[in-house]
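Residues per chain, in single letters:
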Amino acid sequence: MHKLGKRIMIIGSGGSGKSTLARQLGERLDLPVIHLDAEFWNAGWMVTPQDEWVEKQKMVLSGAEWIADGNYSGSMGLRLERADSVILLDFNRFTCLWGVTKRRIKNRGTTRPDMAEGCPEQLDFTFLKWIWRFPARERPKIIEKLSIHTDINQIILRNRKEVRQFLAGGIE
């Protein structure tokens, strides 16, 4: 039985399925889902300036209940300070590259539901390179941040089978 609490973070590489898991848990636990990509990006793939981004996160995370999916490592501490649980989708790069490729095909020319309006699905070399480098560059930073927050329930899922088993098990 996994007791997740009422404030849950889902982090991991692009293409790992963070948004999908967030939606599934949101439905199962009747918790509101915050897709950080939808909050960060503005129409035309314009970024939110850093000071506004921090304030926006403080606002959307001020509620007593939420599931937030997305990394945004520069402001991850804001979420870790309030989270009851964090789920790290610690998948290999090939699984994640396949995930973004499938997502690109499925959402070609449209904006996916977990993205800001006016940001049609795209796949570029910079994003693919970020996914490829994620295990070596981003994962260690995440693990270091998690090691500081030992009071938070931490769940690491290493592949899609473990996600299915997690969802099939008792969750509250």
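Residues numbered from 1 in each chain as written. Predicted model: local features only at pLDDT ≥ 70, side-chain atom pairs only at ≥ 80, totals over all residues. Heavy atoms only, no water.

### Some details on the nonpolar core
Phase 1: Core analysis: the largest hydrophobic core is formed by 22 residues, its most contacted members being I10, L25, I87 and F166.
Phase 2: Elements supplying a minimum of two residues to this core: strand 1 (7-12), helix 1 (18-29), strand 6 (85-89), helix 5 (93-106), strand 7 (153-157) and helix 8 (160-168).
Phase 3: Broken down by element, this core gets its largest block of residues, 4 residues, from helix 1.
Phase 4: Excluding residues within four positions of it along the chain, L25 makes contact with L4, I10, D30, I67, I87, F166, L167 and I171.
Phase 5: Among the nonpolar cores identified, the runner-up in size contains 20 residues, and A68, L80, F134 and I152 belong to it. (Core = buried A, V, L, I, M, F, W, Y, C linked by side-chain atoms within 4.5 Å. Buried < 20%, exposed > 50% of the residue type's maximum accessible area, 1.4 Å probe, protein only. Helix = DSSP H or I, 4+ residues; strand = E, 2+ residues; numbered from the N terminus. Contact = heavy atoms within 4.5 Å.)

### Re helix 5
Phase 1: Given a rise of 1.5 Å per residue, 14 residues ought to cover 20 Å, and the 20 Å separating the end C-alpha atoms of helix 5 matches this to within 8%.
Phase 2: C96, L97, G99 and V100 are the residues of helix 5 that are buried. Seen end-on, helix 5 carries its buried residues on one side only, within an arc spanning 155 degrees. Set apart from the buried face of helix 5 by more than 90 degrees, the exposed residues are F94, W98, I105 and K106. (Expected span 1.5 Å × (residues − 1). Arc of directions from axis to C-beta.)

### With respect to the sheet that holds strand 2 (residues 33-35)
Phase 1: Taken in spatial order, the 5 strands of this open sheet run 2-5-1-6-7, and their pairing is parallel. With one partner strand each, in any of the chains shown, strand 2 and strand 7 form the two edges of the open sheet. Shown here is a sheet whose adjacent strand axes are inclined to one another by a mean of 15 degrees, direction ignored.
Phase 2: One ladder, built from 4 bridges, connects strand 1 with strand 5 (residues 66-69); its direction is parallel. By the bridge assignment, I8 is partnered in strand 5 with I67.
Phase 3: Set on the sheet, helix 1 makes contact with strand 1, strand 2, strand 5 and strand 6; between it and strand 1 the angle comes to about 160 degrees.
Phase 4: Packed onto the sheet, helix 7 (residues 139-148) meets strand 1, strand 6 and strand 7 and runs at close to 160 degrees relative to strand 6. (Pairing = 2+ DSSP bridges. Axes fitted to C-alpha atoms, helices over the stretch in contact; angles between N-to-C directions.)

### Some words on unusual backbone geometry
Phase 1: Of note in this structure, W45 is not a glycine but carries a positive phi near 60 degrees.
Phase 2: By the secondary structure assignment, W45 is in the loop between strand 3 (41-42) and strand 4 (46-47).
Phase 3: On the basis of relative accessible area, W45 is assigned to the partly exposed category, the value being 22%.

### Overview of the pattern of salt bridges
Where charged atoms from two side chains of opposite charge come close, those side chains can pair.
Phase 1: Evaluation of the coordinates by the stated rule reveals 9 salt bridges.
Phase 2: Notably, a salt bridge pairs R103 with E121, separated by 3.2 Å at the nearest N-O pair. Of this pair, R103 sits in helix 5 while E121 sits in the loop between helix 5 and helix 6 (125-137), and the two are 18 residues apart along the sequence.
Phase 3: Using a relative accessible area of 21% as the deciding quantity, one classes R103 as partly exposed.
Phase 4: With its nearest N and O atoms 3.7 Å apart, the salt bridge here joins K141 to E138.
Phase 5: When salt bridges with common partners are traced through the structure, they connect D37, R103, R112, D114 and E121 into a single cluster. (Salt bridge = Lys/Arg side-chain N within 4 Å of Asp/Glu carboxyl O.)

### Notes on the layout of surface pockets
Phase 1: One number sums up the size of the largest pocket: a volume of about 1200 Å³.
Phase 2: Around the largest pocket sit 44 residues that line it, and G14, G15, K18, R103 and R112 are the ones nearest its centre.
Phase 3: Every element with two or more residues in the lining of the largest pocket is listed here: helix 1, helix 5, helix 6 and helix 8.
Phase 4: Residues that form the lining of the largest pocket fall into these classes: 14 nonpolar, 16 polar and 14 charged. (1 Å grid on protein atoms, 1.4 Å probe; cavity = no way out; pocket = protein on both sides within 12 Å on 5 of 7 lines; lining within 4 Å. Points joined across faces, edges and corners; volume = space filled by probe spheres on them. Nonpolar A, V, L, I, M, F, W, Y, C, P; charged D, E, K, R; others polar.)

### Describing the packing of helix 5 against helix 6
Phase 1: One way to put it is that helix 5 packs onto helix 6 with a least axis distance of 9 Å and a crossing angle of 155 degrees. On the basis of the axis angle, helix 5 is roughly antiparallel to helix 6. Considering the relative orientation of helix 5 and helix 6, their crossing is right-handed. When helix 5 is examined against helix 6, the residues R93, F94, C96, L97, V100 and R103 are found in contact with a partner set consisting of F127, L128, I131, W132 and P135.
Phase 2: Its residues assigned to classes, the contact of helix 5 with helix 6 comprises 9 nonpolar, no polar and 2 charged. (Parallel < 35°, antiparallel > 145°, perpendicular 65-115°, else oblique. Left-handed = near helix turned anticlockwise from the far one by under 90°.)

In short, geometric facts, not functional conclusions.
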